[in-house]
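Coordinates in review
Listed below, chain by chain, are the residues.
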Amino acid sequence: MSADTARPRVALLGLGTMGSGMARSLLGAGFPLTVWNRSAERAAPLAAAGARVADSPRDAATGASIVIAMVADDAASRAVWLGDRGALGAAAPDTVMVESSTLTPEWVAELAAAADARGCALLDAPVTGSKTQANAGELLFLVGGAAAALARARPAFEAMGRGVVHVGPTGSGALLKLVNNFLCGVQAASLAEALAVVERAGLDRDQALEVLTNGAPGSPLIKTFASRMAARAYAPSFHLALMRKDLVYAQRAAERHGVTLTTAATAQTAFDRAVDAGLGEQDVSAVVEPLRGGQTGPMG
Ligand code: NAP
């Protein structure tokens, strides 16, 4: 049996850090795949690997049973689904639309209503894991939406990930992802300030990071970011500007439930500063750079 008869056709919109790895995983698992990216040159390596390259989201969605988007933010998601030559315009009834971008639950609800009006089902399915996990097919999908749509998309999720958590109804995956990244962003900003104190005071940085990363604060994120910050290794796994976006979205989402994320607001100021310093396209760990400065010595 050829791959075309064994697997439904999938379209993937967005070939950035995450989407490129997801596309390769789908091809590797035998899914016939159509890809589209706003900047066309990013699709060339996928074409070489066997994907059909579409010239618009609408073209990509034509004939696909599952359409997945992995783009920057709410505005990008709106553009690829509902914009001029957007994917929804070509989606056949019963298409499963998968939104894996990190988005606000409000926008997810609006998109789900548009999908429903066309007879399609939307799953919000943001991911945990970063560039390494996307390339290795080891993402974790946090899914909101109907169980029947999830069942149809599950083989694609299994090709791209190590697991699927069905969080609940539409928007619940998006919300849990924002809570997850709120915690990550706050930790990154806290570590940046901690490292700035250590360096400015002239403490032995390696010794200090050994203590901090092996002690109670040493979460997986703190361990990873401590070594990137120490080495100033900022080749992006996750763009700093996207973490800032997630902190903004998390605060907005939490307010709707009557909770003010004061720590997210404070962390956001560190990310605002880094974006203003031109570091938005660097890795999240570059949030430490604007805080670094000359030494003041251990007693200030
Ligand atoms: P990225 O490398 O910055 O890529 C962003 C993608 O969005 C690119 O394909 C870009 O197209 C596209 N895009 C941006 N604005 C657009 C618009 N107006 N219309 C159409 N396409 C647009 O981002 P990423 O790291 O792959 O992240 C994608 C999503 O996953 C984001 O929501 C992010 O928050 C989330 N996420 C990222 C990570 C991570 O570790 N990287 C982990 C979990 C979740 P161009 O190539 O034309 O710019």
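Residues numbered from 1 in each chain as written. Predicted model: local features only at pLDDT ≥ 70, side-chain atom pairs only at ≥ 80, totals over all residues. Heavy atoms only, no water.

**Observations concerning the pairing of strand 5 (residues 96-99)**
Judged by which residues are buried, strand 5 turns out to be covered on both faces: Val 96 and Val 98 on one side and Met 97 and Glu 99 on the other are all buried. Note that strand 4 (residues 66-69) and strand 5 share four bridges and pair parallel. Bridged to Val 67 within strand 5 is Met 97. Both strand 5 and strand 6 (residues 121-124) contribute to a ladder of four bridges, which runs parallel. Each bridged residue has a counterpart across the sheet, and for Val 96 the counterpart in strand 6 is Ala 121. Regarding the hand of the β-α-β motif, the stretch spanning strand 5, helix 6 (residues 105-117) and strand 6 is right-handed. (Buried < 20%, exposed > 50% of the residue type's maximum accessible area, 1.4 Å probe, protein only. Helix = DSSP H or I, 4+ residues; strand = E, 2+ residues; numbered from the N terminus. Pairing = 2+ DSSP bridges. Right-handed = clockwise from strand over helix to strand, strands pointing away.)

**Remarks on the pattern of salt bridges**
For the structure on display, the rule yields 10 salt bridges. Between Arg 85 and Asp 55 there is a salt bridge, with its nearest N and O atoms 3.7 Å apart. Taken together, the residues span a long stretch of sequence, with Arg 85 in the loop between helix 5 (74-82) and strand 5 and Asp 55 in the loop between strand 3 (52-53) and helix 4 (57-61) at a distance of 30 residues. The closest approach of N and O atoms between Arg 78 and Glu 110, which form a salt bridge, is 3.0 Å. Taken together, the residues Arg 78 in helix 5 and Glu 110 in helix 6 connect sequence positions 32 residues apart. (Salt bridge = Lys/Arg side-chain N within 4 Å of Asp/Glu carboxyl O.)

**Quick notes on unusual backbone geometry**
Unlike most non-glycine residues, Arg 85 shows phi in positive territory, near 60°. In this structure, Asp 94 takes a positive phi of about 80° despite not being glycine. One can find Asp 94 in the loop between helix 5 and strand 5.

**Details of the domain arrangement of the protein**
Accessible area lost upon the coming together of the parts serves often as the stated size of an interface. As assigned here, the protein comprises domain 1 (3-168) and domain 2 (175-291). Counting residues at the interface gives 16 residues for domain 1 and 16 residues for domain 2. Of the roughly 1300 Å² buried between domain 1 and domain 2 on both sides combined, carbon and sulfur atoms contribute 62%. Broken down residue by residue, the surface that domain 1 buries against domain 2 is led by Thr 102, Pro 105 and Glu 106, which jointly contribute 35%. (Domains from an automatic or database assignment. Contact = heavy atoms within 4.5 Å. Buried area = accessible area lost by both parts, 1.4 Å probe.)

**Considerations on the pairing of strand 4**
Taking every second residue as pointing to the same face, both faces of strand 4 are buried, with Ile 66 and Ile 68 on one and Val 67 and Ala 69 on the other. Where strand 1 (residues 10-13) meets strand 4, four bridges bridge the pair, whose relative direction is parallel. Residue pairing in the sheet places Ala 11 in a bridge with Val 67 of strand 4. A crossover connection joins strand 4 to the parallel strand 5 through helix 5; in handedness this β-α-β unit is right-handed.

**Describing the nonpolar core**
Ranked by internal contacts, the top residues of the largest apolar core, which has 37 residues, are Phe 225, Met 229, Leu 240, Phe 271 and Val 287. Elements with a minimum of two residues in this core: helix 9 (172-201), helix 11 (220-231), helix 12 (240-255) and helix 13 (262-276). At 10 residues, the largest contribution of residues to this core is made by helix 9. If near-sequence neighbours (up to four positions away) are discounted, Val 287 is found in contact with Ala 188, Ala 192, Met 229, Leu 240, Ala 270, Phe 271 and Ala 274. (Core = buried A, V, L, I, M, F, W, Y, C linked by side-chain atoms within 4.5 Å.)

**Remarks on the packing of helix 5 against helix 6**
The contact between helix 5 and helix 6 brings their axes to 11 Å, and the two run at 5°. With respect to each other, helix 5 and helix 6 are oriented roughly parallel. Contacts between helix 5 and helix 6 involve Asp 74, Ser 77, Arg 78, Trp 81 and Leu 82 on the former and, on the latter, Trp 107, Glu 110, Leu 111 and Ala 114. Partitioning the contact of helix 5 with helix 6 into residue classes produces five nonpolar, one polar and three charged. (Axes fitted to C-alpha atoms, helices over the stretch in contact; angles between N-to-C directions. Parallel < 35°, antiparallel > 145°, perpendicular 65-115°, else oblique. Nonpolar A, V, L, I, M, F, W, Y, C, P; charged D, E, K, R; others polar.)

**Quick word on the UniProt feature "domain: 6-phosphogluconate dehydrogenase NADP-binding" (unreviewed entry) in the protein**
Those places that UniProt annotates as "domain: 6-phosphogluconate dehydrogenase NADP-binding" (unreviewed entry) correspond, in this numbering, to residues 10-168. Secondary structure within residues 10-168 divides into 40% helix and 24% strand; the distance between the first and last C-alpha atoms comes to 24 Å. (UniProt positions renumbered as here; feature names shortened; annotations may be inferred.)

**Focus: a nonpolar patch on the surface**
A cluster of nonpolar side chains, contributed by Val 165, Val 167, Leu 176, Val 179 and Leu 183, occupies part of the molecular surface with about 360 Å² of accessible area. For the nonpolar patch, the element with the highest residue contribution is helix 9, accounting for three residues. Relative to the helices and strands, Val 179 is located in helix 9. (Patch = residues over 30% accessible without salt bridge, like charges linked within 9 Å, V, L, I, M, F, W, Y side chains within 5 Å. Areas by Shrake-Rupley, 256 points an atom, 1.4 Å probe, with all protein chains shown as cover.)

**So, the site of the ligand**
Lining the immediate surroundings of the ligand are 26 residues, of which Thr 17, Asn 37, Ser 39, Arg 42 and Ser 130 lie closest. Here an oxygen atom of the ligand sits 2.8 Å away from a polar atom, N or O, in the main chain of Met 18. Separating an oxygen atom of the ligand from a side-chain N or O atom of Arg 38 is a distance of 2.9 Å. Protein contacts shield 89% of the accessible area of the ligand, which totals 910 Å² for the unbound molecule. Elements supplying a minimum of two residues to the shell around the ligand: helix 2 (17-28), helix 5 and helix 12. Among the elements that take part in the shell around the ligand, helix 12 stands out by supplying three residues, more than any other. For the shell around the ligand, a count of residues per class yields 10 nonpolar, 11 polar and five charged. (Near = heavy atom within 4 Å. Polar contact = N/O pair within 3.5 Å; in protein donor to acceptor, adjacent residues only side chain to side chain.)

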